Amino acid sequence: MWLAPKVARTEILAGLVVALALIPEAISFSIIAGVDPSIGLFASFTMAVTISVVGGRPAMISAATGAVALVTAPLNHDHGLGYLIAAVILGGVFQIVLGALGVAKLMRFVPRSVMVGFVNALAILIFVAQLPQLHDVPWAVYPLLAAALVIMVFFPRLTRVVPAPLVSIVALTALTLGAGIAVPDVGGEGELPSSFPTPGLPDVPFDVDTLTTIAPYALALALVGLMESLMTAKLVDDITDTHSNKTRESIGQGIANIVTGFFGGMGGCAMIGQTMINVKNGARTRLSTFLAGVFLMILCVVFGSVVSDIPMAVLVAVMIMVSVGTFDWHSIAPATLKRMPIGETLVMVVTVAVVVATSNLAIGVVVGSVTAMVVFARRVAHLADVEAVKDPDGTTVVYTVTGEMFFASSNDLVYRFDYAGDPDRVVVDLARAHIWDASSVATLDAITTKYARYGKTVEIIGLNEQSARMHASLSGELGGGH
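Please read all numbers here as calculations on a predicted model, not as lab measurements. (Residues numbered from 1 in each chain as written. Predicted model: local features only at pLDDT ≥ 70, side-chain atom pairs only at ≥ 80, totals over all residues. Heavy atoms only, no water.)

*Asks:* Go over the packing of aromatic side chains with me, naming the residues and quoting the values.
*Replies:* In this structure the tally under the stated criterion is 6 aromatic pairs. Ring centres 4.3 Å apart and planes at 50° place the aromatic pair Y399 and F417 in the tilted group. Taken together, the positions of Y399 in strand β4 (residues 396-405) and F417 in the loop between α17 (407-410) and β5 (425-435) put the pair 18 residues apart, joining distant regions of the chain. Neither residue differs from the other here; Y399 and F417 are each classed as buried. Taking the centre distance of 6.3 Å and the plane angle of 85° together, the rings of F417 and Y451 count as edge-to-face. Taken as a pair, F417 in the loop between α17 and β5 and Y451 in helix α18 (residues 438-453) lie far apart in primary sequence, 34 residues in all. Here F417 and Y451 have matching classes, each one buried. Through a chain of ring-to-ring contacts, three or more aromatic side chains come together here, namely Y399, F417, Y419 and Y451. (Phe/Tyr/Trp six-rings, centres within 6.5 Å; stacked < 30°, edge-to-face > 60°. Helix = DSSP H or I, 4+ residues; strand = E, 2+ residues; numbered from the N terminus. Buried < 20%, exposed > 50% of the residue type's maximum accessible area, 1.4 Å probe, protein only.)

*Asks:* Hey, could you go over empty space enclosed by the protein for me, with residue numbers and the actual values?
*Replies:* In the structure shown here, the tally under the stated rule is 1 cavity of 30 Å³ or more. In this structure, the largest cavity encloses a volume near 60 Å³. If you trace the largest cavity, you find it lined by I51, S52, G55, G56, R57, P58, A59, M60, S62, E249, R286 and T289. For the lining of the largest cavity, the secondary-structure elements that each account for two or more residues are α2 (37-54) and α12 (286-308). Class assignment for the residues of the lining of the largest cavity results in 4 nonpolar, 5 polar and 3 charged. (1 Å grid on protein atoms, 1.4 Å probe; cavity = no way out; pocket = protein on both sides within 12 Å on 5 of 7 lines; lining within 4 Å. Points joined across faces, edges and corners; volume = space filled by probe spheres on them. Nonpolar A, V, L, I, M, F, W, Y, C, P; charged D, E, K, R; others polar.)

*Asks:* Outline unusual backbone geometry, listing residues and values.
*Replies:* The bulk of non-glycine residues show a negative phi, and the bulk of peptide bonds are trans. A positive phi angle, near 60°, is found at D136, a position not held by glycine. If you trace the backbone, D136 turns up in the loop between α6 (112-130) and α7 (141-158). Of note, D241 is a non-glycine position whose phi angle comes to about 55°, a positive value. With respect to the secondary-structure elements, D241 resides in the loop between α9 (208-240) and α10 (246-262). For D241, a relative accessible area of 71% corresponds to the exposed category.

Spelled out as structure tokens, the structure:
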């Protein structure tokens, strides 16, 4: 299938377009992480080439990303490049372990509102990371920035054959060189690679201190990388109506990061923006991902001197467009907010707020998911209800419990019974209820114990098979007679 001329042409062109679009982003992400542009470019090359072989989602692009740059930037700032690269390798190991343990299946438990919060927070962080480039710079930077934004907004209306970021880079670099405008350029950010990367070990002491320093960053990198990669894979599945192997993708991301670390790259994961470019250009196979990496490296090694002259203002504009494109504007539209349950909006806002406050995407997602669980538990807690019916002769009372019994809903049940005033025989009918956890069994034990103090007997009836099993194995073992 790869060799069909039409397919090959589509894949080659898509790979080339992605490579051209990757150059400015990889350089910009290097600057966010505080490393030389070559480190981001190496990472994009090794990530793309490795994942094209070992990944689980064909046509998905993995490279150096803003998410990983933001996670690792503090480590590089405090301890230097050696530690960052060691963290990338350890992060890859964590990803392989998490992939083998089936973390891909856990993605089902990250609610949509947390995903939206993650994406919106990522967009905000990418935007904020550009602001230092606009502070204390020559005045010519601002018209260049404006011109680049105008080109990227309006050029796609003429044609989408050539990526608009590339057009603005070529046109405005030619303008600054031709007119001799002195503005900060890529060359000022560090050396570009003049040869292909060579493997080596990170320059750090191999001891426990190093491990404890890099482990938190490595884990954050692993979680953020997997989250973004699995989210992107799901997106491509939906667009192409095909299924992909998420466990293979998780392990593949780990392998790619380990390879990238040994080649001195800054690590990465799947890129939502570049993957969309690739898929929208018609790419469907691994060839486009492989070629994107290869073309990227050739462009840098061969045209490095030209790339050094790109004005930083234009790259900032590219990143601002990435940020605007990443943000889910629909999620904050007044019509959406009006329809969305308040709990869902709260979860999204909490996720964004925590990420922006901590600059750590992993912490934000964990806090967002916990918030979503609390909101869900509160919502479901009201689903258990109790109704009491006394026998006409007054010797028996039947309490009918309906709904789901779990820790949040069962705690209040204790207060719904009249222990002193009820007749001697009490029946609790659970035919329309379901016991989900030990808290519910403890609650039923507590109810039985409270009636026993008044010399009354309780009979529990109507348990379904699963509830009966749980009740039989836990009842009387939980010390619930308070």
